[in-house]
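# Descriptive analysis of the structure
Each chain, written out:
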Amino acid sequence: MRLFGDCGCGGDFCQSIRTSDRPVGTPYGEGHRCLPLLAETGTLVLDLVHGRIDYIEILDRPPLVRRGGGSIVR
């Protein structure tokens, strides 16, 4: 999955990730649905557009750490 950047909101509770180049602040439009995932802590939600992951909402979770190769681990 390609990562296009973080949410950009600046909130210390948010680690959400953009997985498409859709301009920030534009609506998803037709074909959008949210898929909440079970999490022991915080909130994880996949935003899908026509079945494709467009955004990963990661809220109120322990910090993610980026490795040298670009992968993100917890």
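Before any of the text, the structure's been laid out above.
So, a few notes on the structure that sits alongside this text. Note that the structure is predicted; figures quoted are calculated from it, not measured. (Residues numbered from 1 in each chain as written. Predicted model: local features only at pLDDT ≥ 70, side-chain atom pairs only at ≥ 80, totals over all residues. Heavy atoms only, no water.)

All told, the structure shown has one salt bridge when counted by the stated rule. Note that Arg-22 and Asp-54 form a salt bridge whose closest N and O atoms lie 3.0 Å from each other. With Arg-22 in the loop between β2 (17-18) and β3 (32-37) and Asp-54 in strand β5 (residues 52-59), the pair connects residues that are 32 residues apart, well separated along the chain. Judged by its relative accessible area of 22%, Arg-22 is partly exposed. (Salt bridge = Lys/Arg side-chain N within 4 Å of Asp/Glu carboxyl O. Helix = DSSP H or I, 4+ residues; strand = E, 2+ residues; numbered from the N terminus. Buried < 20%, exposed > 50% of the residue type's maximum accessible area, 1.4 Å probe, protein only.)

How two aromatic rings sit relative to each other is set out by the distance from centre to centre and by the angle between their planes. Tallied over the entire structure, the rule returns zero aromatic pairs. The side chain of Arg-22 reaches across the aromatic face of Tyr-28, ending 4.0 Å from its centre. (Phe/Tyr/Trp six-rings, centres within 6.5 Å; stacked < 30°, edge-to-face > 60°. Lys NZ or Arg CZ within 6 Å of the ring centre and 35° of its normal.)

Moving on, we get to the side chain of Arg-61. Structurally, the position occupied by Arg-61 is in the loop between β5 and β6 (65-66). Put simply, Arg-61 is tucked away with no salt bridge, and the nearest opposite charge, on Glu-40, sits 7.3 Å away. Of the polar contacts made by the side chain of Arg-61, one reaches the backbone oxygen of Thr-41; its length is 2.8 Å. (Lys, Arg positive; Asp, Glu negative; His and termini not counted. Polar contact = N/O pair within 3.5 Å; in protein donor to acceptor, adjacent residues only side chain to side chain.)

The next point concerns the environment of Asp-21. For Asp-21, the location among the structural elements is in the loop between β2 and β3. The class for Asp-21 is exposed, based on a relative accessible area of 62%. For the pair Asp-21 and Leu-3, spaced 18 residues apart in the sequence, the C-alpha separation amounts to 9.0 Å.

Here the focus is the sheet that holds β3. Judged by pairing direction, the sheet is antiparallel, and its five strands sit side by side in the order β1-β2-β5-β4-β3 without closing on themselves. Of all the strands in the sheet, just β1 (5-6) and β3 have a single pairing partner and so form its edges. Two elements, β1 and β2, share two bridges in a ladder whose sense is antiparallel. Along β2, the bridge assignment pairs Asp-6 with Ile-17. (Pairing = 2+ DSSP bridges.)

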